[in-house]
Amino acid sequence: MKLLVAAHASELVAFEEEIPGFERLLTGVGKIPAASALTRALCRGEYDEIVVVGTAGAIDDEVEGGIYEIAGAIQHDVRGLDGTFGEHVSLPARVDTGHEGLIIATGDHFVDDAQTVALIRGLGAGLVDMESYALIWVAQQFDVPIRILRAVSDRAQDGATELWDVVVERCSHQLRAELRTRYGV
């Protein structure tokens, strides 16, 4: 059995309630809700793979719309003891999925301004979201393979919050088609 994970209900609007071979988990938005919900799910059941779907903002000019697999995640809302941006005091600077793809920067605020994008881009990420780092870290603690598929919803610039509300349904349909292609369901 695989665990299909999304943060926000609107990211699953194109997905049927029952998909053969998958159980469904809605975590809530942000690192703490994502980590908590996934931890509870992994304590209750055993899964062959965690498949995360959802949206992300593009911060790299080379990244266009579409679906991207995530290779690893960093955090953009932490600083190390020495003040180094993007480093946590005790967690790894980067966590990896084991798949080829883009690096995503995770943080607990919605990125929608050019100044923040410029800072985060300096960490080497092409996308931003609010859950991937936490989900990968929890999956690693339970030794469960994880795949993260993100649909680009916006350019993470001024006005991105309003744009997300408009495009999330389109992203959900793209993600459902990608799941069908990859898993045949």
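Up top is the structure these notes are about.
Since the model is a prediction, treat every value here as computed from it, not as a measurement. Throughout this document, residue positions are counted from 1 along each chain, in the order its sequence is written. Two thresholds apply to this predicted model, a pLDDT of at least 70 for residue-level local features and 80 or more for giving and counting side-chain atom pairs, whereas whole-chain, interface and lining totals are computed over all residues. Side-chain numbers come from the whole structure's heavy atoms, not from hydrogens or water.

Some points on unusual backbone geometry
- Phi at Asp143 is positive, roughly 55°, even though this residue is not glycine.
- Strands here mean DSSP runs of E at least two residues long; helices mean DSSP runs of H or I at least four residues long; both are numbered from the N terminus. Structurally, Asp143 is set in the loop between α3 (132-142) and β8 (146-154).
- We call a residue buried when its accessible area falls under 20% of the maximum for its residue type, exposed when it is over 50%, and partly exposed in between, using a 1.4 Å probe and counting protein chains only. Assessed through its relative accessible area of 69%, Asp143 is described here as exposed.

Brief notes about the nonpolar core
- Throughout, nonpolar core names a set of buried Ala, Val, Leu, Ile, Met, Phe, Trp, Tyr and Cys residues whose side chains join them through atoms within 4.5 Å. Membership of the largest hydrophobic core comes to 28 residues, with the highest contact counts inside it found for Leu38, Ile50, Leu127 and Ile146.
- Within the residue set of this core, elements represented by two or more residues are β1 (2-6), α1 (31-44), β3 (49-58), β4 (67-75), α3 and β8.
- The contacts of Leu38, once residues within four sequence positions are left out, are Leu3, Leu25, Ile50, Leu135, Val138 and Ala139.
- One finds Ala6, Phe15, Ile19 and Val167 within the second-largest nonpolar core, a separate group that totals 14 residues. Any pair of residues with heavy atoms lying within 4.5 Å of one another is described as a contacting pair.

Let's talk about the environment of Leu91
- Secondary-structure assignment places Leu91 in the loop between β4 and β5 (94-96).
- Remark: the alpha-carbon pair of Leu91 and Leu26, spanning 65 residues in sequence, is separated by 24 Å.

Here we look at the pairing of β1
- Most of β1 sits inside the fold, with four of its five residues counted as buried.
- Two strands pair under a simple rule: DSSP has to find at least two bridges between them. Judged from the five bridges that link them, β1 and strand β2 (residues 22-26) form a sheet pairing that is parallel. By the bridge assignment, Leu3 is partnered in β2 with Glu23.
- Strand direction decides the pairing type here: β1 and β3, joined by four bridges, are parallel.

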